[in-house]
Amino acid sequence: MSSSTLDFYWGLSSLDEKQRIDSATQLIAALVKFQNSMPQTDEMATNEEEMAKLCASDVAYAIPRLIKGLASPRDGARQGFSIGLSELLARIPCISVKLVLSLLWRFTEATNSMKGQEQRDMRFGRIFGLMALVQSGIIERTGTTAVDIRKIVMELTAIGSRKSYLREISYVTLTSMVPVLGKFEFKDELITMFVAVALDKGTIETPDELYLAMRLRREYPAYNWYTAFPHWQGKHMLSYKNVGKLAAILCETSTDNPALFSTWHSQLHTVWTEIFDLYFNKERAQEVADMAVMDFEVVWDHVVERGLFAPGASQFRRYWGFLLLERLMPHLSEENVPAMMTPNIVRGLSDNISLSGKSLLAKVGLRTAEKLIEICEGNTAVGLAVLTHLLNQRTTIQSSGPNTNNLRSMMANRIVAKLDSEAIVGYVDYLQKVFVTPKLARKNTTGVADPIMVTNVSDKSIEKQRGWAIDQMIRVAKYGQLPITDELTTNVLHFITAQAALKTITTIGTSGCGVAELEVRPTPPLSSASREYCAVTLISFVGDLNRMSTHKKDDTADAAADAAAASAGRLSTGCSRNGTVWSTAVIAKLLDGAANAKVGVSLHGFEEIKPTLVKMLQVMRSMEARSVQYAKKSIDTALRFRALELLLGNICMMATFTVDSGLRAEYLEVIPELHECFEKIIVQLDPTGKKAKKAKKAAAIAAAAATPAAAAELSEDDEPKPVEVLTDILISLLTKDSNSLRKLCEQVFAPFTGLMTSDALDSIIGVLQAREGVTGDDDGNVETQMELIDGEQDIDASHSGSDSDSDDELEQVEAVDEELRRKIEEALGNGSGDMDQAERSASGEEEEFDDDQMKVFDDKLAEIFHHKKQQKQDARDLKISFVNFKLRVLDLADTFMARQPESPLVLRLLPALLDLAKSTHKDSRSKPVHDRAMSILSARRTGVPKGFELQTVLDLLASVHERARRAADKSALKMLSSVAAYLARTVLDNHPEAEPQVFDLYRASLTDFMTRKASQLFADFFSAACLRMQPAQLQPFWRIAIASVAEYGRPLKAVNVFRQVQAYALAETILAGVPRLSAEDGKPFVALTAQLLGELQKALQETFAYAGSDLNKHETTGKLILDQQRMREIMQFSVKLITRCVKSDVLREAVDGALETTPEWTKSLGCVVCSPSFNSSQAVKQLCSTLANIHKVGTPKAKKEKAKASAIVE
């Protein structure tokens, strides 16, 4: 052996990859040179003696030396020695598989005497040796027997089964042997052996086995795989019938044998390479079609969406999911975006993306998002597809993490920046092609439309694609940040309208049918389900467009221009920039298509409604013309005409496209009423028009022809005003369970709030006051037509004890039992033959049912209980519907109060809202109604009503005070305090002379608060009114503060010591509005402040004297009545009150004359300090020191005087 090759072995174990390769290259070159000097022979060395004869000495030394190095744990020895071994075996033709296996088995044998680390090194050495053997290609040499191959397969399988972390590399090595099997005459025997040994007789449970099985079936399709894999169906492992098994294997889950996946690995399994190659390799497209392989979307949905990113999935599974997303990126197109951007995947990205995240999962999530953004920026079609999925409400669910919105903001902003109108139009065209020809519009991996892909596609899959295309178009049209034009929105609207309602009835020739959206026939034809989905989606889409404005704001405009722009923006809501309302455009498109001889209408009952639609289209265009006409004259009038057009157009559209025949009939009944309402409103809003003149002339003729009695009757029975009719129509529409209709009613109602009348408001109040089981009166109030669910009854508070409640419940239970008993007895009577039941009872006989009778009895019992269960469910649904209806009407009430804060009718709404909030307080199922009413009542209004009767508002204010004194909880009291403050401000703004009445009401509430222990009032009830008032209106509340301190700040005047403390707290809280007083407004408050401070000092002096006396103790327990805590609170509130006055420039002069440090004052303080009950409290002593010079409290010199005062007190 030459010593020149020994140095190369040391380089094979280097950590430097380049050095390892260089050493291996030089070593192999030298060994091959030595071997070439030997005589050429066709013999194969099967043992070491033959190897010594046939090979050069350096080669004979190198092979064992390289095999031994495979088990070395030193640096990169395994990689270097395996490379050298593989290359050497490939270049020396006289080496047989049998020889290599014998050497490998000898030098890498793991014995029980070895340590764990040594055994591990031996296993790795054997694995690397077998890999080198397979990669060298010597298996293909003559002399390789089935026994040799079986030995390799059994060893690799055994290693993989013993150690899970070696399973994948073992099966990858086995898979690399698959192409070689076909070169042997006994290949069928080898395949059978592979299946029996490596795949456990076709039982495939792991991704490794799946990878091997897929490669075997791919290389040898003629083999009888149905027998080999009895548990797998179809021509391919990825057949639709195997999707459940595939999902479990690829997600690495097993309920039967969890130990299979006990070790997690940070890289994707090699089987995914085979799967991606199958779907995205252009050369294998035909294989996908011939073998009936399931769509890639199905694999992705079951494995990634429902498995790796399923809710509750571990971070390890989500990590694999991100790696798969990265693997998919190079193949990403607008076709497979729907499969990728699924709800769970988007949520997974949102939860795990963090710019500052340091975890492995956060890093891979951010890296995946960045790659996705780069692809979206480079391909606008993909960018739009991704963006619309990000905007999907179902995929933007609020997640638990703090970075939920990072994904949407980071991706949406960067994607939108790269999009233009041309790209958006192209994407919409693509979506329309997907809808018309599903699958055909989608390109396969070859880039060519593949008709084969249309075969074996279920109707459900086609409808799903069409639904996805419609949803995508709508999301693009609604996204405000995209450069959307009216033409694009109209294109989408017309396309959905055509697909929902129109169809070609003749063969389209070269001239076409005249409707651009129908030029290409849908393939396959549209199903009724697809048309219904288009109709429902169209209604929802138009409902969204109704709330979108097409007006663009000019940031450079001045204030006047901004006001004009705001008006223009309100007028352009729900219509295109040319003023066409979107619902009108839908009706016009439908009628245009219906007028075409080559086009038919697929809508049920269209011929009956068609004349009405034609007439209403003319009315809507008249409304549009009037809104344009009045846009510059009166924007309010223009908005009212536009609102009517919106309502009429949407009702016509709903009546046309709705699937429910009952709803269609109800909508059709509303259309004539709306038309009549429009005719009357024209007269009201346009008194100089032709119709107004005709109406006046007809009224004059009727009045002249009528007798005086008839004329009086005519005036009494005057028809309702248009706004009253409109309000009733809107309320009736709110009974429908439609979110779009609810928002439309609010939008239409808003412009008419300025025309509201008392009768119109009564319709709203009637609904708010209605209860289940109570119908309206004959004067037009709404009839609820709902039965009482809970058996609610008005029970007086004095009779609502637990005994009566339990009795009522018992009576209900008994009533239910009686009904059930009656029905069961009927079933028993019908199922027990003709024998008289009374006779059987008298004789004591009991007849047993036979099988037939028992079956009849069981069926009747099942029917009875099913009926009772259905009754309960219907009652529950009715309750929910009633609650939702009231919520919608509450929205109308809120709109009216917000739009017309100065209307006196607002005061009529308040009692109804107060009663509603009270009646729904304890009803858990009506909690949304209660919360909504509370929110409306607690809201701060910008103005107050005007033109009302004073006594009515005073009575209402008194009622609110009475409710507050007996409020159910703090939230109700807070709401009532807000309402009381609102009403007090309303009275004082309009009738300043009513200030004494307002004072008397608050004075009575003060008395209740201080003298009644069960009173629910608190100090904030009074301060809430102060915050609402203007500075000049605060005098009544100043007097409340004086009365609070003067009457209830003294000992034993309040109901308890806590309320005595609250007397000082209330005064201090009321004076919180001192900083708002100006020099002019503050003049009347100087005298009030002097009076307040004088009463404060007197009350404190009496309190201090009482605290230090023996009276300050309970007769029985001996405990202090006024303890240290309460004394400290009284002093603190007093100091705060005086300080507020001192810091006010307006009120400072009142302090000097009102507060005096007299001997009596000092003596009273001494009673507190010297009392054993208080001298242990440092806080009380410090406050006494502060109050010692009461006339200097709050002044800059007060701190300097504090030390002296403390000494005096001591």
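What you are looking at is a predicted structure, and each value in this text was computed from that prediction instead of being measured. (Residues numbered from 1 in each chain as written. Predicted model: local features only at pLDDT ≥ 70, side-chain atom pairs only at ≥ 80, totals over all residues. Heavy atoms only, no water.)

### Overview of the overall build of the protein chain
Argument step 1. Helix and strand content of the protein chain: 54 helices and 2 strands.
Argument step 2. Taking all 1210 residues of the protein chain together, the buried fraction comes to 50%.
Argument step 3. In the protein chain, 73% of the contacts between residues at least 6 apart in sequence involve partners at least 24 apart.
Argument step 4. Surface summary for the protein chain: the accessible area is close to 57,700 Å², and the carbon and sulfur share equals 52%. (Helix = DSSP H or I, 4+ residues; strand = E, 2+ residues; numbered from the N terminus. Buried < 20%, exposed > 50% of the residue type's maximum accessible area, 1.4 Å probe, protein only. Contact = heavy atoms within 4.5 Å. Areas by Shrake-Rupley, 256 points an atom, 1.4 Å probe, with all protein chains shown as cover.)

### A look at the packing of aromatic side chains
Argument step 1. Scanning all chains against the criterion turns up 23 aromatic pairs.
Argument step 2. Centroid distance Phe641 to Phe678: 6.2 Å. Interplanar angle 75°. Geometry classified as edge-to-face. Of this pair, Phe641 sits in helix H31 (residues 635–657) while Phe678 is found in helix H32 (residues 661–685), placing the two residues 37 residues apart along the sequence.
Argument step 3. The exposure class assigned to Phe641 is buried, which follows from its relative accessible area of 0%.
Argument step 4. Take Phe678: its relative accessible area is 2%, and that puts it in the buried class.
Argument step 5. By the ring-pair criterion, three or more aromatic residues cluster together here, those being Trp272, Phe276, Tyr279, Phe280, Phe296 and Trp300.
Argument step 6. Across from the ring centre of Trp105, 4.6 Å away, lies the NZ or CZ of Arg126, which sits over that ring.
Argument step 7. Over the face of the ring belonging to Phe435 we find Arg466, whose NZ or CZ atom lies 5.7 Å from the ring centre. (Phe/Tyr/Trp six-rings, centres within 6.5 Å; stacked < 30°, edge-to-face > 60°. Lys NZ or Arg CZ within 6 Å of the ring centre and 35° of its normal.)

### Observations regarding the environment of Pro1031
Argument step 1. Along the chain, Pro1031 falls in the loop between helix H46 (1019–1028) and helix H47 (1035–1048).
Argument step 2. Take Pro1031: its relative accessible area is 17%, and that puts it in the buried class.
Argument step 3. As for Pro1031 and Asp1081, which are separated by 50 residues in sequence, their C-alpha atoms are 6.6 Å apart.
Argument step 4. Excluding anything up to four places from it in sequence, Pro1031 contacts Arg1076, Leu1077, Asp1081 and Phe1085.

### Observations regarding the confidence of the model for the protein chain
Argument step 1. In the predicted model, the protein chain carries a mean pLDDT of 81, and 82% of its residues have values of at least 70.
Argument step 2. In the model, residues 393–405 has pLDDT below 50 throughout and makes 24 contacts with residues more than four positions away in sequence or in other chains. (pLDDT = per-residue confidence, 0-100.)

### Some words on a nonpolar patch on the surface
Argument step 1. Together, Trp264, Phe316 and Leu360 line one region of the surface with nonpolar side chains, adding up to about 290 Å² of accessible area.
Argument step 2. Tracing the sequence through the fold places Phe316 in helix H18 (residues 315–328).
Argument step 3. Residue classification places Phe316 among the partly exposed positions, given a relative accessible area of 40%. (Patch = residues over 30% accessible without salt bridge, like charges linked within 9 Å, V, L, I, M, F, W, Y side chains within 5 Å. Salt bridge = Lys/Arg side-chain N within 4 Å of Asp/Glu carboxyl O.)

### Things to note about the packing of helix H45 (residues 995–1011) against H47
Argument step 1. Running from N to C, H45 and H47 cross one another at 30°; their axes reach a closest spacing of 10 Å. One element, H45, and the other, H47, form an angle in the roughly parallel class. At the point where H45 passes H47, the crossing takes the right-handed sense. On the side of H45, the interface is formed by Glu995, Phe999, Tyr1002, Arg1003, Leu1006, Thr1007, Met1010 and Thr1011, while H47 contributes Gln1035, Pro1036, Phe1037, Arg1039, Ile1040, Ala1043, Ser1044, Glu1047 and Tyr1048.
Argument step 2. Of the residues belonging to the contact of H45 with H47, the class tally is 9 nonpolar, 4 polar and 4 charged. (Axes fitted to C-alpha atoms, helices over the stretch in contact; angles between N-to-C directions. Parallel < 35°, antiparallel > 145°, perpendicular 65-115°, else oblique. Left-handed = near helix turned anticlockwise from the far one by under 90°. Nonpolar A, V, L, I, M, F, W, Y, C, P; charged D, E, K, R; others polar.)

### Focus: the nonpolar core
Argument step 1. Judged by nonpolar contacts, the single largest core of 356 residues is most densely connected at Phe657 and Ile764.
Argument step 2. The element best represented in this core is H31, accounting for 14 residues.
Argument step 3. Once residues lying within four places of it in the same chain are set aside, the contact partners of Ile764 are Thr727, Ile731, Phe749, Met756, Val889, Leu892, Ala893 and Leu909. (Core = buried A, V, L, I, M, F, W, Y, C linked by side-chain atoms within 4.5 Å.)

### What about the packing of helix H36 (residues 739–749) against helix H40 (residues 851–899)?
Argument step 1. Following both chains from N to C, one finds H36 and H40 inclined at 25°, their axes separated by 10 Å at the closest point. As the angle between them shows, H36 and H40 are arranged roughly parallel. The two elements H36 and H40 cross, and the hand of that crossing is right-handed. Across from Arg742, Cys745, Glu746 and Phe749 in H36, the residues of H40 making contact are Arg888, Asp891, Leu892, Thr895 and Phe896.
Argument step 2. For the contact of H36 with H40, the residue count by class is 4 nonpolar, 1 polar and 4 charged.

### Quick look at helix H8 (residues 146–162)
Argument step 1. Along its 17 residues, H8 runs 24 Å from first to last C-alpha, staying within 8% of the 24 Å computed at 1.5 Å per residue.
Argument step 2. Restricting attention to buried positions, one finds in H8 the residues Ala146, Asp148, Ile149, Ile152, Val153, Glu155, Leu156, Thr157, Ile159 and Gly160.
Argument step 3. Along its buried surface, H8 packs onto helix H6 (97–107), helix H7 (116–136), helix H9 (167–176) and helix H11 (187–197). (Expected span 1.5 Å × (residues − 1).)

### A short note on the pattern of salt bridges
Opposite charge on two side chains allows them to pair when their charged atoms are near.
Argument step 1. For the structure on display, the rule yields 42 salt bridges.
Argument step 2. Residues Glu87 and Arg91 are paired through a salt bridge, measuring 3.7 Å at the closest nitrogen-oxygen approach. Of this pair, Glu87 and Arg91 both sit in helix H5 (residues 77–91), 4 residues apart, which is roughly one turn of that helix.
Argument step 3. Three or more residues joined by partner-sharing salt bridges are found here, namely Arg742, Glu746, Asp891, Asp894, Arg932 and Arg941.

### Re the side chain of Thr986
Argument step 1. Considering the arrangement of structural elements, one finds Thr986 in helix H44 (residues 970–990).
Argument step 2. Those residues in contact with Thr986, other than ones at most four positions away along the chain, are Val944, Pro945 and Phe948.

### Notes on unusual backbone geometry
Argument step 1. The peptide bond linking Thr523 to Pro524 adopts the cis configuration, its omega dihedral lying at -5°.
Argument step 2. In this structure, Pro524 sits in the loop between strand S1 (502–504) and helix H27 (528–545).
Argument step 3. The phi dihedral of Asp75 falls on the positive side, at around 45°, and the residue is not glycine.
Argument step 4. Positionally, Asp75 belongs in the loop between helix H4 (57–69) and H5.
Argument step 5. Residues other than glycine seldom take positive phi values, yet Leu1052 does so here, at roughly 65°.

### Quick word on the environment of Lys418
Argument step 1. Within the secondary structure, Lys418 is located in the loop between helix H23 (406–417) and helix H24 (421–436).
Argument step 2. As for Lys418 and Gly383, which are separated by 35 residues in sequence, their C-alpha atoms are 8.6 Å apart.
Argument step 3. In contact with Lys418, other than residues within four places in its own chain, are Glu377 and Thr380.

### Focus: the environment of Ser978
Argument step 1. Turning to its location among the elements, Ser978 is positioned in helix H44.
Argument step 2. Exposure remark for Ser978: the relative accessible area of 10% places this residue in the buried category.
Argument step 3. Through-space distance from the C-alpha of Ser978 to that of Phe1022 is 9.7 Å; in sequence the pair is 44 residues apart.
Argument step 4. When sequence neighbours within four positions are dropped, the list of residues in contact with Ser978 reads Leu937, Ser938 and Arg1028.

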